[in-house]
Amino acid sequence: MTNTVLKVENLKTYFKTPSGVVKAVNGIDFEVNEGETVGLVGESGCGKSVTSLSIMGLLPEPIGYIEDGRILLENKDITKLSEKEMRKLRGNDIAMIFQEPMTSLNPVFTIGQQLSEPLLQHTSLKKKEIRNKIIEMLKLVGIPRAEQIIDEYPHQLSGGMRQRVMISLAIVCQPKLLIADEPTTALDVTIQAQILELMKDITKKNQMSTVLITHDLGVVAEMCDRVIVMYAGQIVESTDVRTLFNNPKHPYSQGLLDSLPNANDRKKELRSIKGSVPRPDELPMGCTFAPRCPKVFKKCLEERPPLFQLENQFCRCWLYQDEEVVASGSQSVVGS
């Protein structure tokens, strides 16, 4: 029996703006089991990063807030916790690797000072023990000269080294859940591969559950067990990695996969999905993907589809309304 580490139920995250309330995340459900990596995929503006900030309790209050839903970390609803209680969880039970390491690391503190913070907050280790632990963590993530780098500043390191520092900062207290928000976006391809391999080894060794946020389907194929495809603040498809690549159901998922370059068709033009993700305050009346969908028909323009449960995946598309039963609102779309 696999333990569920994270369970998100009907999460709705809204933002107050001068033009009204914006529904950035509008009712999503998913689970992450122990030792499992679940990918959140979609273009910029689909609600992936807002989902991660909601889980971490890092929304810019009072502008951003959770309107409805529950986030359960090992069956404990963390949306009900105070900021003081959340600080005890962050870095200890739940940690995050942010998108850009240069802006995530404080330029006026040494690497050692920044990595010592979670250990000072969550452990009773002495000063020398903390230093030894940090050097051990830096070596674990493949940083050379760890004994010297611990006393250096972020600007003295390359992008790849800074991202390794961010990984060590996230895992220093061995959290149960790791959230990685585009962890390789700012890195060149060679360093990307090294960082992904490093993350895979560390999460496997520590049986760590991971939510990997990315728009790169190559990273998904390499890292994830299951995938959630998001569009305009909602889940449009959810399944295991193999099924998504072999048999994507939603036209948006199909479009994302069609836009990948194919080594066998080098002379062909790359396909793209026409248009762009609608702003959360300008969503169309029916299906949110209808204005960009090549398979759109009348019902798509008039009614918003629910999430349909198919044989081994969930899909939010009217094309599949007769194939299976509709998934209930309380049912997890990625639970096993």
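Just so we're clear, the structure is a prediction, and the values are computed from it rather than from any experiment. (Residues numbered from 1 in each chain as written. Predicted model: local features only at pLDDT ≥ 70, side-chain atom pairs only at ≥ 80, totals over all residues. Heavy atoms only, no water.)

## Some words on the packing of helix H5 (residues 127-140) against helix H7 (residues 159-171)
One way to put it is that H5 packs onto H7 with a least axis distance of 9 Å and a crossing angle of 125°. Accordingly, the angle class assigned to the pair H5 and H7 is oblique. Two packed elements cross with a definite hand, and for H5 against H7 that hand is right-handed. Residue-level contacts link Met137, Leu138 and Leu140 of H5 to Val165, Ser168 and Ile171 of H7. Class assignment for the residues of the contact of H5 with H7 results in five nonpolar, one polar and no charged. (Axes fitted to C-alpha atoms, helices over the stretch in contact; angles between N-to-C directions. Helix = DSSP H or I, 4+ residues; strand = E, 2+ residues; numbered from the N terminus. Parallel < 35°, antiparallel > 145°, perpendicular 65-115°, else oblique. Left-handed = near helix turned anticlockwise from the far one by under 90°. Contact = heavy atoms within 4.5 Å. Nonpolar A, V, L, I, M, F, W, Y, C, P; charged D, E, K, R; others polar.)

## Concerning helix H4 (residues 111-122)
Within H4 the residues assigned to the buried category are Ile111, Gly112, Gln114, Leu115, Ser116, Pro118 and Leu119. The elements touched by buried residues of H4 are H5, helix H6 (146-149) and H7. (Buried < 20%, exposed > 50% of the residue type's maximum accessible area, 1.4 Å probe, protein only.)

## Thoughts on the packing of aromatic side chains
What the rule picks out here adds up to five aromatic pairs. An aromatic cluster is present here, built from Tyr231, Tyr252 and Phe289 joined pairwise through their rings. Seen from the ring of Tyr65, Lys16 lies directly overhead, with NZ or CZ sitting 5.4 Å from the centre. Lys299 extends its terminal NZ or CZ atom over the ring of Trp318, reaching a point 4.0 Å from the ring centre. (Phe/Tyr/Trp six-rings, centres within 6.5 Å; stacked < 30°, edge-to-face > 60°. Lys NZ or Arg CZ within 6 Å of the ring centre and 35° of its normal.)

## Section: the sheet that holds strand E11 (residues 308-309)
Sheet strands pair by backbone hydrogen bonding; their relative direction is either parallel or antiparallel. With mixed pairing, the eight strands of this open sheet are ordered in space as E6-E7-E8-E3-E9-E10-E12-E11. Of all strands in the sheet, those bounded by a partner on one side alone are strand E6 (94-97) and E11. For strand E3 (residues 37-41) and strand E8 (residues 209-214), the ladder comprises five bridges, and the chain directions are parallel. Residue pairing across strands places Val41 opposite Thr214, the latter belonging to E8. Lying over the sheet, helix H1 (residues 48-56) contacts E3, E6, strand E7 (177-181), E8 and strand E9 (226-231), oriented at roughly 150° with respect to E7. Relative to E6, H7 is tilted by about 175°, and along the sheet it contacts E6 and E7. (Pairing = 2+ DSSP bridges.)

## Examining the pattern of salt bridges
Side-chain pairs of opposite charge can arise where the charged atoms are in close proximity. One pass over the structure, following the stated rule, counts 16 salt bridges. In this structure, Glu147 and Lys139 form a salt bridge, with 3.0 Å as the shortest nitrogen-oxygen distance. Residue classification places Glu147 among the partly exposed positions, given a relative accessible area of 36%. On the basis of relative accessibility, which here comes to 48%, the residue Lys139 falls in the partly exposed class. Overlapping salt bridges bring together Lys7, Glu9, Glu31 and Arg70 as one network. (Salt bridge = Lys/Arg side-chain N within 4 Å of Asp/Glu carboxyl O.)

## With respect to the sheet that holds strand E2 (residues 20-33)
Pairing within the open sheet is antiparallel, and its four strands lie in the order E2-E1-E4-E5. Strand pairing shows two members of the sheet lacking a second neighbour, E2 and strand E5 (76-77), which therefore form its edges. In this fold H1 packs onto strand E1 (4-17), E2 and strand E4 (64-73), with an angle of close to 110° to the strand it touches most, E1.

## Thoughts on the confidence of the model for the protein chain
The pLDDT averaged across the protein chain works out to 89; a share of 93% of its residues lies at or above 70. Segment residues 326-332 is flagged for pLDDT under 50; beyond a separation of four residues in sequence, or across chains, it makes 15 contacts in the model. (pLDDT = per-residue confidence, 0-100.)

## As for the nonpolar core
Of all hydrophobic cores here, the largest spans 97 residues; its most connected members are Leu6, Ile55, Leu138, Ile167, Leu177, Ile179 and Tyr252. In this structure, Leu177 is in contact with Val5, Leu6, Ile55, Leu73, Asp93, Ile94, Ala95, Ser209, Thr210 and Val211, ignoring residues within four places of it in sequence. (Core = buried A, V, L, I, M, F, W, Y, C linked by side-chain atoms within 4.5 Å.)

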